Every structure is written in structure tokens, then in C-alpha cells.
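As a plain string of letters, each chain reads:
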Amino acid sequence: MPTFHAFDRPLGARVTDVDLTRPLEQAGFDAIKQALDRYSLLVFRGQPVDDAAQTAFAARFGRMEKTRLGALGQGGALVVLSNLDENGDVVPVAHKQMF
């Protein structure tokens, strides 16, 4: 069963005792959903989830939207966010990728 450790800030908690690479039982998911309502932000450290596991976990919260056209990963369930260009350089703050 997941354990939640509140941050000493206005919101957020670290989640331990859960493995998101494996199917999550309903009671564990319900606890995570309640914690999300309570803390607004949950951090799952050290979870080496792949795209399929991430999508399956996220879909349990409800219908997922497709990513917008023009975004990296367009039309799929996951969007790729980065502040690096194709050469690995940091893009300027005004770059469209930053919005």
C-alpha cells in the first residue's frame, strides 16, 4: 500500500511503497487518488516506467486527451517536453517550445 510523506511546503507529498511498473491494485490506486486530492502534487521517485506503464496509470484517472498537433508526440497520449533544441542547446525563453 502506498505511503505518503508530506513536504514541508504548502503542497505536495512523496510517495513510497508503490511500484508503478506493475499493475496497481484498486485499493492502492484509490489511496493515490485521495492523496492527489489532499496534496495536489505527488512525487514518485525512482519509478522507471515506460510509456505504456505511464499511459496505463494515467488512464485510470479518466479519459486522456490527445496531444496537440505541432507538439513532439503529437496526436498520442504523451507529449515530449524539453527546453533543448535538436542540437542539445537550451532554447531561448521566448521560443515557442517554452509555451
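Bear in mind that the values here come from a model prediction, so they are computed numbers and not experimental data.

Undergrad: Mind laying out helix α1 (residues 26-39), listing which residues take part and the relevant values?
TA: Taking 1.5 Å of rise per residue, the 14 residues of α1 would be expected to cover 20 Å, and the 20 Å separating its terminal C-alpha atoms lies within 8% of that figure. Burial in α1 covers these residues: Gly28, Phe29, Ala31, Ile32, Ala35 and Tyr39. Taken end-on, α1 shows its buried residues confined to a sector of 155 degrees, consistent with a single buried face. Pointing more than 90 degrees away from the buried face of α1 are the exposed residues Gln34 and Asp37. Buried residues along α1 sit against β1 (3-6), β2 (13-16), β3 (42-43) and α2 (51-59). The positive-phi residue at the C-terminal boundary of α1 is Ser40, with phi of around 70 degrees.

Undergrad: Could you give me a rundown of the packing of aromatic side chains, with the residues and numbers involved?
TA: Using the criterion set out here, one finds four aromatic pairs in the structure. With centroids separated by 5.8 Å and ring planes inclined at 75 degrees, the aromatic side chains of Phe44 and Phe57 adopt a geometry described as edge-to-face. Taken together, the residues Phe44 in the loop between β3 and α2 and Phe57 in helix α2 connect sequence positions 13 residues apart. Residue classification places Phe57 among the buried residues on the basis of a relative accessible area of 15%. Relative to Phe61, the ring of Phe57 lies with its centre 5.4 Å away and its plane at 85 degrees, an arrangement referred to as edge-to-face. Judged by its relative accessible area of 32%, Phe61 is partly exposed. An aromatic cluster is present here, built from Phe29, Phe44, Phe57 and Phe61 joined pairwise through their rings.

Undergrad: Summarise the nonpolar core; cite the residues concerned and give the values.
TA: In this structure, Ala13, Val15, Val18, Leu20, Leu24, Phe29, Ile32, Ala35, Tyr39, Leu42 and Phe57 together form the largest nonpolar core, which totals eleven residues. Breaking this core down by element, the ones donating at least two residues are β2 and α1. Counting residues per element, this core draws most heavily on α1, at four residues. Filtering out sequence-adjacent residues up to four positions away, Phe29 remains in contact with Leu24, Phe57, Arg60 and Phe61.

Undergrad: Describe the pattern of salt bridges, naming the residues involved and giving the relevant values.
TA: Summed over all chains, the structure comprises one salt bridge. Across the pair Asp8 and Arg9 runs a salt bridge whose closest N-O atoms are separated by 3.8 Å. A relative accessible area of 60% means that Arg9 is categorised as exposed.

Undergrad: Mind laying out the sheet that holds β2, listing which residues take part and the relevant values?
TA: Here we have three strands laid out as an open sheet, ordered β1-β2-β3, and mixed in their pairing. Bordering the open sheet on either side are β1 and β3, each of which pairs with just one other strand. As paired strands, β2 and β3 are joined by two bridges and run parallel to one another. Residue pairing across strands places Ala13 opposite Leu42, the latter belonging to β3. The strands touched by α1 within the sheet are β1, β2 and β3, with β1 carrying the most contacts at an inclination of about 10 degrees.

The rules we used
Residues numbered from 1 in each chain as written. Predicted model: local features only at pLDDT ≥ 70, side-chain atom pairs only at ≥ 80, totals over all residues. Heavy atoms only, no water. Helix = DSSP H or I, 4+ residues; strand = E, 2+ residues; numbered from the N terminus. Expected span 1.5 Å × (residues − 1). Buried < 20%, exposed > 50% of the residue type's maximum accessible area, 1.4 Å probe, protein only. Arc of directions from axis to C-beta. Contact = heavy atoms within 4.5 Å. Phe/Tyr/Trp six-rings, centres within 6.5 Å; stacked < 30°, edge-to-face > 60°. Core = buried A, V, L, I, M, F, W, Y, C linked by side-chain atoms within 4.5 Å. Salt bridge = Lys/Arg side-chain N within 4 Å of Asp/Glu carboxyl O. Pairing = 2+ DSSP bridges. Axes fitted to C-alpha atoms, helices over the stretch in contact; angles between N-to-C directions.

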